Amino acid sequence: YSFQIPPNAVPILKMSTAGPNVPRRLVYLSVAAAAAALSWNRRLSFGARVVRPDLLPLLPGGGQDTGPVSLLLPDGDGTGAVSGAASAVRLFEGSAAGVESVVVRPDGGLILLDKYGYLREANPGPGRSYVPSQRPPLYVGPGRPLGGHVSVDGTSVLVCNSLVGLLRVDLATDPARGLVRGRTELLSGSVDGRPFHYANDVDVSPTDGSVYFTSSVDEPVRYNAAAGFYDTLAAYASAALRGDASGALLRYDPATGETQKIIGGLFYANGVAVSHDGSYAAVVETGTHRVLKVHLTGPKKGTATTLIGRIPGSPDGISRSETAPGRFWVAMVAGPNIFLKLTPYVWLREACGPLLLGMLPTLIKKVIPYTGALLVQEGLDSVICPGTTGTAGIVRAVVDPAGKHIGTVSGVTEAGNTLFFGNLGGNFVSYMDLPEKY
């Protein structure tokens, strides 16, 4: 086996032949060699594939990779197209661990799904406060609960459990209706005879009640015994290094109990939101920094086009905005995906994969330059980031460069004129009020 190092791979390793940097060069080469030997000895294969360059996001660094600087510089008063998050209020600090998204009940209460597998509730308090519910939390594990969707009457919630699949959890007890608080029912755990390994997000069609949910990759999320939770971040990093394209969008029919695959071959399928008219589902493909428009009706049914591409950050969750048809909030959990820098260098990803995964906690702390949310409108050009592609544009952004008020935003939920922010890697969630017109 042999390979040739591409000339432009050198900057990735930051190697130089200058005298003072020779030791550093040797260290990098030694580390890469050790990682390669480790991969070979353990027979670790990442099955790396090359992603099409035209699907890569805008990455900072010069040339055609230059990203929009405006997203890093929110205006001070918070009323412009790009605003800061200084007015956001942090909730449940220290007790909301790794809550991917905030689900808002019909009565205004909140449902939080934490990384340890618990469903916690909070009720509206005096003023704009929220008070943790006196009812005990519900365990919906094993696995990590991620996306959720509450029923119209607030008596149950659909939950995507990464390890198990699509669940329905009763939030109330009503013998006449057969409801028992805490009872968990598995609605869908497989499709075409294959079990789900990484169920992620869920939404319900506002027109016919069909349930759409995503399977991120066809690889189980591993349990982090030292930390006590299923590590979805490590699973994502592993998939990115492999170039894994096994993600899928699925449909569950409540009437028949059947599950079907709508589309597969996605590079880490993440958030999902069905359009106002039910004609398509907006599906986040995190691995390529874009949101797909998966057609659910008409002659294009079962195919996908790009709703918005080259998003200037790592997209995660997505949700409908009720202010206008074709509007969606897209969560940016972090800045551009550092693993995409390695996309053209298959040998490097295969050789250094185990080492990079081991360094993931350190890398994450250093490479999250901003987090926030983007308001995307179909049929409009991006007024903030003109370099995007697709049929939709970014018309507003809420960004926190330091992550002080909102953190690692993995989900955004609009309720009235309030935005709620999930926080995948932190121990709090947030909310902020929006201007009347936006």
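What comes next is a walk through the structure. (Residues numbered from 1 in each chain as written. Predicted model: local features only at pLDDT ≥ 70, side-chain atom pairs only at ≥ 80, totals over all residues. Heavy atoms only, no water.)

A cluster of nonpolar residues, Tyr 116, Tyr 118 and Tyr 139, forms a patch on the protein surface that exposes about 290 Å² of accessible area. Looking at the element boundaries, Tyr 118 is found in strand β5 (residues 118-124). (Patch = residues over 30% accessible without salt bridge, like charges linked within 9 Å, V, L, I, M, F, W, Y side chains within 5 Å. Areas by Shrake-Rupley, 256 points an atom, 1.4 Å probe, with all protein chains shown as cover. Salt bridge = Lys/Arg side-chain N within 4 Å of Asp/Glu carboxyl O. Helix = DSSP H or I, 4+ residues; strand = E, 2+ residues; numbered from the N terminus.)

The strand order across the open sheet built from 4 strands is β20-β21-β22-β23, with neighbouring strands paired in antiparallel fashion. The sheet is open, and its two borders are formed by β20 (269-274) and β23 (304-308), each paired with just one other strand. Sheet twist, expressed as the mean angle between neighbouring strand axes with direction ignored, is 30°. With 4 bridges connecting them, strand β22 (residues 290-295) and β23 associate as antiparallel partners. Counterpart to Val 294 in the pairing with β23 is Ala 304. (Pairing = 2+ DSSP bridges. Axes fitted to C-alpha atoms, helices over the stretch in contact; angles between N-to-C directions.)

Glancing now at the nonpolar core. Ranked by size, the top nonpolar core spans 22 residues in total, and within it Val 291, Ile 308, Ile 318, Phe 328, Leu 374 and Ile 394 carry the most contacts. Among the secondary structure elements, those contributing two or more residues to this core are β21 (280-285), β23, β25 (327-334), β26 (371-378) and β27 (392-400). Considering each element in turn, this core owes the most residues, 4 residues, to β27. Once residues lying within four places of it in the same chain are set aside, the contact partners of Ile 394 are Ile 308, Pro 312, Leu 374, Leu 375, Val 376, Asp 381, Ser 382, Val 383, Ile 384, Cys 385 and Thr 388. Counting residues in each nonpolar core, the second largest holds 15 residues, with Ile 406, Val 409, Leu 419 and Leu 434 among its members. (Core = buried A, V, L, I, M, F, W, Y, C linked by side-chain atoms within 4.5 Å. Buried < 20%, exposed > 50% of the residue type's maximum accessible area, 1.4 Å probe, protein only. Contact = heavy atoms within 4.5 Å.)

The next point concerns the packing of aromatic side chains. When we look at a pair of aromatic rings, we describe it by the centre distance and by the angle of the planes. Taken as a whole and judged by the stated rule, the model has 10 aromatic pairs. Judged by centre distance (5.4 Å) and plane angle (90°), the rings of Phe 196 and Phe 213 are edge-to-face. With a gap of 17 residues between them, Phe 196 in the loop between β13 (194-195) and β14 (199-204) and Phe 213 in strand β15 (residues 211-215) connect regions that are remote in the sequence. Grouping residues by exposure puts Phe 196 and Phe 213 together as buried. Seen from their ring centres, Phe 420 and Tyr 431 are 6.0 Å apart, and the 40° between their planes marks the pair as tilted. Of this pair, Phe 420 sits in strand β29 (residues 418-421) while Tyr 431 sits in strand β30 (residues 429-433); the two residues are 11 residues apart in sequence, bridging distant segments of the chain. Neither residue differs from the other here; Phe 420 and Tyr 431 are each classed as buried. One aromatic cluster in this structure is built from Tyr 130, Phe 420 and Tyr 431. Residue placement shows Lys 115 over the ring face of Phe 229; its charged tip is 4.2 Å from the ring centre. (Phe/Tyr/Trp six-rings, centres within 6.5 Å; stacked < 30°, edge-to-face > 60°. Lys NZ or Arg CZ within 6 Å of the ring centre and 35° of its normal.)

A sheet is described by the order of its strands in space; here 4 strands give the open sequence β8-β9-β10-β11, paired in antiparallel fashion. What marks the edges here is a single partner per strand, and that holds for β8 (145-150) and β11 (184-188). Ignoring which end each strand starts from, the neighbouring axes of this sheet average 30° apart. Sheet analysis places strand β10 (residues 165-170) next to β11, joined by 4 bridges and oriented antiparallel. By the bridge assignment for β11, Leu 166 is matched with Ser 188.

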